[in-house]
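# Summary of the model geometry
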Amino acid sequence: MKNVDDLIASAAELAERGLSKGEIADELNVSRETASWLVERSGSTGYEEPDQPDAATTGASGPHDIHVDWSAVGRDSTRLTQIGRAMADLLLKEGEEVDLTIGIEKAGAPLATVVASELDTDLGSYAPAKHQWEEGDIEELGGSFSRNFAQIRDRECYVVDDTITSGTTMRETVESIREEGGDPVACVVIVDKQGIDEIEGVPVYSLIDVVRVGEE
């Protein structure tokens, strides 16, 4: 996807397929506000008019955001494996008793699979609250760990995702791990849009940091 029109078209396609706005935000690696704006501009059926983002963060071209398209990696198993190995390398300095890697669905799951293989850990999977998000308050929703994967209690773990957009999903995952009795040791992503060094006291590593320069 090269421009905003491509993103709007993709948002329309995903909306017509029945994805929630949270899932659309996840698929396009954009914020919740940007996902709402894209769906609204697409004119897709099945959605109510979204709340308008704050005027300070929204211009004629939409909310201030950065779209990350890493599909050239995701569609090729060899490239994905190489990226996963690089992410695993970033985690080597953190923790000596870590025996679990948790992938944040959807895109974090295949990356976590590679990381778990490289670091010889079990594999867990977490579906964040944003996958359920439409027009309601996301704070009232909750995510969940898949019971088809390793359990969390009394285990140190790594957390893997593709992109940090605002940090909300990673923070939710860290808190959920602790609520389940686990101990998150470190997080890793391909791209960090916020330049976050830590979340809830847990270090965050990224292969690529995005830095905005100048006034918006």
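Residues numbered from 1 in each chain as written. Predicted model: local features only at pLDDT ≥ 70, side-chain atom pairs only at ≥ 80, totals over all residues. Heavy atoms only, no water.

## Observations concerning the overall build of the chain
Summing up its helical and strand segments, the chain has seven helices and ten strands in all. Residues classed as buried in the chain amount to 48% of the 216 residues present. Long-range pairs, those at least 24 residues apart, make up 66% of the contacts in the chain with a sequence separation of at least 6. Carbon together with sulfur atoms contributes 43% to the accessible area of the chain, which is approximately 11000 Å² in total. (Helix = DSSP H or I, 4+ residues; strand = E, 2+ residues; numbered from the N terminus. Buried < 20%, exposed > 50% of the residue type's maximum accessible area, 1.4 Å probe, protein only. Contact = heavy atoms within 4.5 Å. Areas by Shrake-Rupley, 256 points an atom, 1.4 Å probe, with all protein chains shown as cover.)

## Quick notes on the packing of helix α1 (residues 4–16) against helix α3 (residues 32–42)
Put simply, α1 and α3 touch, their axes get as near as 8 Å, and they point 85° apart. With respect to their mutual orientation, α1 and α3 come out roughly perpendicular. Contacts between α1 and α3 involve Val4, Leu7, Ile8, Ala11 and Ala12 from the former and Trp37, Leu38, Val39, Arg41 and Ser42 from the latter. (Axes fitted to C-alpha atoms, helices over the stretch in contact; angles between N-to-C directions. Parallel < 35°, antiparallel > 145°, perpendicular 65-115°, else oblique.)

## Regarding the side chain of glutamate 94
Mapped onto the secondary structure, glutamate 94 falls in the loop between α5 (77–91) and β3 (100–104). Residue contacts for glutamate 94: discarding those within four places in its chain leaves Tyr158, Val185, Ala186, Pro203 and Tyr205.

## Side note on unusual backbone geometry
The linkage connecting glutamate 105 with the following residue, lysine 106, adopts the cis geometry, with an omega of 5°. Tracing the chain through its elements places lysine 106 in the loop between β3 and α6 (108–119). The backbone of aspartate 120 sits at a positive phi, close to 55°, despite the residue not being glycine. By secondary structure assignment, the location of aspartate 120 is in the loop between α6 and β4 (122–127). Phi at glutamate 200 takes a positive value of approximately 55°, unusual for a residue other than glycine. In this structure, glutamate 200 sits in the loop between β9 (198–199) and β10 (202–209). The partly exposed category is assigned to glutamate 200, whose relative accessible area is 37%.

## Digging into the packing of aromatic side chains
The full count for this structure, using the stated rule, is one aromatic pair. Seen from their ring centres, tyrosine 126 and phenylalanine 145 are 4.7 Å apart, and the 55° between their planes marks the pair as tilted. Taken together, the residues span a long stretch of sequence, with tyrosine 126 in strand β4 and phenylalanine 145 in strand β5 (residues 144–145) at a distance of 19 residues. For tyrosine 126, a relative accessible area of 1% translates into the label buried. (Phe/Tyr/Trp six-rings, centres within 6.5 Å; stacked < 30°, edge-to-face > 60°.)

## Observations concerning the environment of glycine 167
Summarising the element assignment, glycine 167 is placed in the loop between β7 (163–164) and α7 (168–179). Glycine 167 sits in the buried class, given a relative accessible area of 4%. The spacing of glycine 167 and isoleucine 199 is 32 residues in sequence and 7.8 Å in space, taken between C-alpha atoms. For glycine 167, the residues in contact, after removing those within four places along its chain, are Ile196 and Ile199.

## Quick word on the nonpolar core
Most often, soluble globular proteins have nonpolar side chains that are buried together. Formed by 21 residues in total, the largest nonpolar core has its most connected members in Trp70, Met87, Leu91, Leu111, Val115, Tyr158 and Val160. Listed by contribution, the elements that provide at least two residues to this core are α5, α6, β6 (156–160) and β8 (183–192). Per-element accounting of this core gives the leading share, five residues, to β8. One finds Leu100, Ile102, Ile196 and Ile199 within the second-largest nonpolar core, a separate group that totals 19 residues. (Core = buried A, V, L, I, M, F, W, Y, C linked by side-chain atoms within 4.5 Å.)

## Things to note about the pattern of salt bridges
Enumeration according to the criterion identifies six salt bridges in this entry. Among the ionic pairs, glutamate 40 bridges to arginine 41, the shortest N-O distance being 3.1 Å. The class of arginine 41 is partly exposed, set by a relative accessible area of 40%. Between arginine 155 and aspartate 122 there is a salt bridge; the shortest N-O distance is 2.7 Å. One end of the pair, arginine 155, is in the loop between β5 and β6; the other, aspartate 122, is in strand β4, with 33 residues separating them in the sequence. Under the relative-accessibility criterion, aspartate 122 is labelled partly exposed at 40%. A cluster of three or more residues bridged by salt bridges with shared partners is formed by Asp99, Asp122 and Arg155. (Salt bridge = Lys/Arg side-chain N within 4 Å of Asp/Glu carboxyl O.)

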